[in-house]
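The lines below spell out each chain.
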Amino acid sequence: MHVVLESTEKEVPTSTWKEQRTVCQKGFHGLHSAKHEARKREQPIFSTRAHVFQIDPNTKKNWVPTSKHAVTVSYFYDSTRNVYRIISLDGSKAIINSTITPNMTFTKTSQKFGQWADSRANTVYGLGFSSEHHLSKFAEKFQEFKEAARLAKEKSQEKMELTSTPSQESAGGDLQSPLTPESINGTDDERTPDVTQNSEPRAEPTQNALPFSHRYRFNSTIMINSAISKHWEAELATLKGNNAKLTAALLESTANVKQWKQQLAAYQEEAERLHKRVTELECVSSQANAVHTHKSELNQTIQELEETLKVKEEEIERLKREIDNARELQEQRDSLTQKLQEVEIRNKDLEGQLSDLEQRLEKSQNEQEAFRNNLKTLLEILDGKIFELTELRDNLAKLLECS
């Protein structure tokens, strides 16, 4: 609360100053009580220590440390608003002030590092812990409070619906009964006749058993090949992701190598300059003790530079090994791509064979149907002939009896 007192040339009465002082005291007292109420309603429920980072807003790739050392990161619960927040202070500066929502996700990117995105703050927070146990505990609490936030949101929505229901009844009369799955799709008794009508058994001819078995075998083979193809596609996607990560790491390492090479060249120039300086001091200086002391200091500096050079060379060797690993992963990706193409070609061949077999099966069924029709015709003719022979036999028997 800011109180501004404007200075004027007129003399201000003493009573006016007393009234203003009373107003200021009341304002400061109200501010103090408001802060006290805020502390009372929002209390920390879990705390830990971690190094805090934020994503670089320009590149959206690199992490920017917001704390020089490990700071306290706490979960706070506001009982009046029924919300959970993650708050961290570095001195008097709030470096994290993130409200937990049901849409947030805490991701473990390594054994000691985790991150989450805050759309309200338009940033991504990262925390580096001292151990994997602290990271797991923080992630468990995040999931627990996220679920609590989701339940609180659902309860608030239910309360809003309950409060809006009486107003709807008074304005529009009686409400209709809510729609249920039974009222939309029908009850089980209503749906039973449809099922029984479509479940009449159909007899399959025995002569078609062999073609159907071939068809089932080819279908199962195609399904297996499709599953294998999906598996290789998943492996290829994983390798592509790893390849992208390694490529980014390789580019970053290449930039670091260039920087280290420049530092190495600078260190070498500095070492040569120091060597020359030592030689000049040995030749020119007449004070042996001072020269010896200075020389020992220079030798120590040279040793330190040489150790630094060794460290940089080891780092360069490590980066070379990472480059070789990246090349091997590229070769694996190429081989998997070739295998995937072969599987696709084989799948197409099997589909062609399946269509050919289906055509043959259809042709065989047509021939069988024609054979059955011919057989029925012959049976009808044979029945007629047998009937005529029976009549002839009866006539002959009658003639014999008469004679």
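The rules behind these values
Residues numbered from 1 in each chain as written. Predicted model: local features only at pLDDT ≥ 70, side-chain atom pairs only at ≥ 80, totals over all residues. Heavy atoms only, no water. Core = buried A, V, L, I, M, F, W, Y, C linked by side-chain atoms within 4.5 Å. Buried < 20%, exposed > 50% of the residue type's maximum accessible area, 1.4 Å probe, protein only. Helix = DSSP H or I, 4+ residues; strand = E, 2+ residues; numbered from the N terminus. Contact = heavy atoms within 4.5 Å. Phe/Tyr/Trp six-rings, centres within 6.5 Å; stacked < 30°, edge-to-face > 60°. pLDDT = per-residue confidence, 0-100. Salt bridge = Lys/Arg side-chain N within 4 Å of Asp/Glu carboxyl O.

Participant: Teacher, can you tell me more about the nonpolar core here?
Facilitator: Side chains of a nonpolar character, in soluble globular proteins, are inclined to be buried together. Ranked by internal contacts, the top residues of the largest apolar core, which has 23 residues, are Tyr75, Ile86, Ile96, Trp116, Leu127 and Phe138. Sorting the residues of this core by element identifies strand S1 (42-55), strand S3 (71-78), strand S4 (83-90), strand S5 (93-99), strand S8 (123-128) and helix H2 (132-172) as the ones contributing at least two each. Per-element tally for this core: the top contributor is H2, with six residues. Discounting chain neighbours no more than four positions away, the residues touching Ile86 are Val73, Ser74, Tyr75, Ile96, Asn97, Ser98, Ile100, Trp116, Phe138 and Phe142. In this structure, Leu274, Leu298, Ile302 and Leu305 belong to the second largest nonpolar core, which totals five residues.

Participant: Explain the environment of Gln332 to me, please; I cannot follow it from the model alone.
Facilitator: Note that Gln332 resides in helix H6 (residues 288-402). Using a relative accessible area of 41% as the deciding quantity, one classes Gln332 as partly exposed. Between the alpha carbons of Gln332 and Leu239 there is a distance of 8.3 Å; along the sequence they are 93 residues apart.

Participant: Please clarify how the packing of aromatic side chains should be interpreted in this entry.
Facilitator: When we look at a pair of aromatic rings, we describe it by the centre distance and by the angle of the planes. Enumeration over the complete set of coordinates arrives at 14 aromatic pairs. Relative to Phe145, the ring of Tyr84 has its centre 5.1 Å away and its plane inclined at 10 degrees; by these criteria the two rings are stacked. In this pair, Tyr84 sits in strand S4 while Phe145 sits in helix H2, placing the two residues 61 residues apart along the sequence. In this pair, the class of Tyr84 matches that of Phe145, namely buried.

Participant: Sorry if this is basic, but what is going on with the confidence of the model for the protein here?
Facilitator: Low pLDDT marks regions whose predicted coordinates should not be analysed in detail. Confidence along the protein averages 77 in pLDDT terms, with 75% of residues attaining 70 or more. Segment residues 28-36: pLDDT under 50, and two contacts once partners within four positions in sequence are set aside and those in other chains are kept. Considering only residues more than four positions removed or in separate chains, one finds that residues 167-210, a stretch of pLDDT under 50, has 14 contacts.

Participant: So what exactly am I meant to see when it comes to the pattern of salt bridges here?
Facilitator: Think of it this way: side chains of opposite charge can pair up when their charged atoms draw near. Under the counting rule described, the total for this entry stands at ten salt bridges. Close ionic contact of Arg81 with Asp78 constitutes a salt bridge, the shortest N to O distance being 2.9 Å. A relative accessible area of 0% places Asp78 in the buried class. If you follow the salt bridges from partner to partner, you end up with Glu147, Arg150 and Glu154 in one network.

Participant: In this structure, what is going on with unusual backbone geometry? I would like to understand it.
Facilitator: Glycine aside, the phi torsion of most residues is negative, and most peptide linkages are trans. Despite not being glycine, Asn82 shows a phi value in the positive range, around 60 degrees. Secondary-structure assignment places Asn82 in the loop between S3 and S4.

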